[in-house]
Amino acid sequence: MKSIRVALAALAAGAALTACSSPMKAGAAAVVGGERIAAKDLDEKVTEYEKALTMAKLDASALQVPLNQFVLYRLTNESVYRQLAAKHRVAVSEAEIDVALKDPGQQQSPQMNLLAKGVAPGNARDYLRAEIGMSKLLEQLGGGQNQQAVEQLRKEFTTIKVSYSPRYGQINPQPSQENPSMFVDTGRFGKLTPTAQG
């Protein structure tokens, strides 16, 4: 299971780097394939996530990226996962989600596992449905240990275009200690520069 998680994380990072810059619909934080993530919905998810971090007595600054970027990145990956699972007719049962809700992953508890992924408890079932769908699709293709399967799934990821609002910028292709931000300014008001740490 760990190799599947690692493969999915690598795929998500690769998919994010293929994001294109097409015209953004008003009020959208991102457009993923044909799915729009409204800025209003993103704000609600960020508020929920911030409350969940506070309840767990966690400091949001430990993420080293702004919360809205962290949650937006998770939402775009969730949308890609969901769309690919639907395209390949991968079904996820409620029982599978129930099991995943109890999985601590690489964290100390299931709650911490979800928070590490940018998921508030109220959004857990939808997120896990999408994540399990991707794991099952990867298994159908040959599994996370099979490089050919991973490459095939990576190609599938690139078929779903992701466009971010200029408000967030573009995915940072080379995060560094100096600029760990997930996004960089697109230079819409000048030349391309790394975003300031918030």
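Residues numbered from 1 in each chain as written. Predicted model: local features only at pLDDT ≥ 70, side-chain atom pairs only at ≥ 80, totals over all residues. Heavy atoms only, no water.

**Student:** Please clarify how the overall build of the chain should be interpreted in this entry.
**Tutor:** Helix and strand content of the chain: seven helices and five strands. Going from the N terminus to the C terminus, the chain shows its helices and strands as α-β-β-α-α-α-α-α-α-β-β-β. The buried share of the chain, taken over its 198 residues, is 42%. Taking the contacts inside the chain whose residues are at least 6 apart along the sequence as the reference set, 64% of them involve residues at least 24 apart. Within the structure as shown, the chain displays about 10700 Å² of accessible surface, and the carbon and sulfur contribution to it stands at 54%. (Helix = DSSP H or I, 4+ residues; strand = E, 2+ residues; numbered from the N terminus. Buried < 20%, exposed > 50% of the residue type's maximum accessible area, 1.4 Å probe, protein only. Contact = heavy atoms within 4.5 Å. Areas by Shrake-Rupley, 256 points an atom, 1.4 Å probe, with all protein chains shown as cover.)

**Student:** Looking at this structure, how should I read the pattern of salt bridges?
**Tutor:** Side chains carrying opposite charge are able to pair once their charged atoms draw close together. For the structure on display, the rule yields ten salt bridges. Where Glu-78 meets Arg-82, a salt bridge forms, and the shortest distance between an N and an O atom there is 3.4 Å. Of the two residues, Glu-78 and Arg-82 both sit in helix α3 (residues 67–87), four residues apart, roughly one turn of that helix. Put simply, Arg-154 and Glu-151 hold a salt bridge, and the shortest N to O gap is 3.7 Å. Taken together, the residues span about one helical turn, with Arg-154 and Glu-151 both in helix α7 (residues 147–158) at a distance of three residues. Residue Glu-151 is classed as partly exposed on the basis of its relative accessible area of 32%. Through salt bridges with shared partners, one network takes in Glu-35, Arg-74, Glu-78 and Arg-82. (Salt bridge = Lys/Arg side-chain N within 4 Å of Asp/Glu carboxyl O.)

**Student:** Any chance you could explain the sheet that holds strand β1 (residues 28–32) here in plain terms?
**Tutor:** Within a sheet, each strand pairs with its neighbour through backbone hydrogen bonds, oriented either parallel or antiparallel. Taken in spatial order, the three strands of this open sheet run β2-β1-β3, and their pairing is antiparallel. Unpaired on one side and paired on the other, β2 (35–38) and β3 (162–164) mark the two borders of the sheet. Neighbour to neighbour, the strand axes of the sheet diverge by 15° on average, direction disregarded. Pairing between β1 and β2: four bridges, direction antiparallel. From the neighbouring strand, Val-32 faces β2, where its bridge partner is Glu-35. Across the sheet, helix α2 (residues 39–55) touches β1 and β2, and the angle it forms with β2 is around 60°. Packed onto the sheet, α3 meets β1, β2 and β3 and runs at close to 25° relative to β1. (Pairing = 2+ DSSP bridges. Axes fitted to C-alpha atoms, helices over the stretch in contact; angles between N-to-C directions.)

**Student:** Got a minute to help me understand the confidence of the model for the chain in this structure?
**Tutor:** The predicted structure's coordinates, where accompanied by low pLDDT, should not be read in detail. Counting all residues, the mean pLDDT for the chain is 82, and 79% of those residues have values of 70 or more. Every residue in residues 16–24 is under pLDDT 50, and counting partners more than four places away or in other chains gives 19 contacts. Note on residues 189–198: pLDDT under 50 across the span, and 17 contacts to partners over four residues away in sequence or across chains. (pLDDT = per-residue confidence, 0-100.)

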